[in-house]
Amino acid sequence: MKQLTLLVLSLGITVTSFAANASDQSDSQALASARAKMDVELALAPVKTANDLTNYMAAHRDGSAFDQLSPLNKELFLRSLTFDNHGLSSFNYAALSGLKPAQVYQVLGIFGMQSMTTDTLQRNGVRTNATGITPLLEPLKGYRCAGGHTCMTDDTAACTSNC
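Reference entry: report on the structure contained in this document.

The rules behind these values
Residues numbered from 1 in each chain as written. Predicted model: local features only at pLDDT ≥ 70, side-chain atom pairs only at ≥ 80, totals over all residues. Heavy atoms only, no water. Core = buried A, V, L, I, M, F, W, Y, C linked by side-chain atoms within 4.5 Å. Buried < 20%, exposed > 50% of the residue type's maximum accessible area, 1.4 Å probe, protein only. Helix = DSSP H or I, 4+ residues; strand = E, 2+ residues; numbered from the N terminus. Salt bridge = Lys/Arg side-chain N within 4 Å of Asp/Glu carboxyl O. Disulfide = S-S within 2.5 Å.

The next point concerns the nonpolar core. One finds Phe 66, Phe 77, Phe 91, Leu 96, Leu 108 and Phe 111 to be the most contacted residues of the largest nonpolar core, which totals 23 residues. Counting only elements with at least two residues in this core, the list comes to α2 (50-59), β2 (87-92) and α4 (101-109). A per-element tally of this core places α4 first, with three residues.

Within the secondary structure, Leu 108 sits in helix α4. With 42 residues separating them in the primary sequence, Leu 108 and Phe 66 have C-alpha atoms 9.6 Å apart.

Bringing the pattern of salt bridges into the picture now. Side-chain pairing between opposite charges can occur once the charged atoms of the two side chains come close. Scanning the entire structure with this criterion turns up four salt bridges. Put simply, Glu 41 and Lys 37 hold a salt bridge, and the shortest N to O gap is 2.6 Å. Here the residue Glu 41 and the residue Lys 37 both occupy positions in helix α1 (residues 2-44), the gap between them amounting to four residues, near one helical turn. Classification of Lys 37 as partly exposed rests on a relative accessible area of 40%. Residue Arg 144 is joined to Asp 154 by a salt bridge in which the shortest nitrogen-to-oxygen separation is 3.8 Å. Taken together, the residues span a long stretch of sequence, with Arg 144 in strand β3 (residues 140-147) and Asp 154 in strand β4 (residues 150-159) at a distance of ten residues. On the basis of relative accessible area, Arg 144 is assigned to the partly exposed category, the value being 32%.

With that settled, the discussion passes to the state of the cysteines. Summed over the entire model, instances satisfying the criterion amount to one disulfide. Across a sulfur-sulfur distance of 2.1 Å, Cys 151 and Cys 159 are joined as a disulfide pair. Across the disulfide from Cys 151 to Cys 159, rotation about the S-S bond amounts to roughly -70°, and the bridge is consequently left-handed.

What follows is the structure in structure tokens.
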């Protein structure tokens, strides 16, 4: 009976250990998948630099996703954008308030940052569960990119994973 108890306990520990390992692997696979998706989004983004933004604005004078912003918020948002060698590194998330989730998705999609849509909206107090848009990697809100992989405090900014 003692041997059976030890065998059962041993099996229990093995199963528990296997389940924990599977969960860790599942989490790391999900994160790797999310990062791969974001890499594709960034690669396909039309704007990765300040020069790209200038060209994009010139090519879209007749309309773009930015036109969904109020004139003041559009100016605040565009002036807040910072780029580094990986793309958009920070932006003013408060300037996106008032937009619907799909509109924020379109604006951030210009920079390959559409995966941050839900979290950006939640920071602005908008509930987005019904949209089906879910964040993969979240920006660090309340900070802006200071360069060199360093984020500095800024109440209205969001520092991205590109910083």
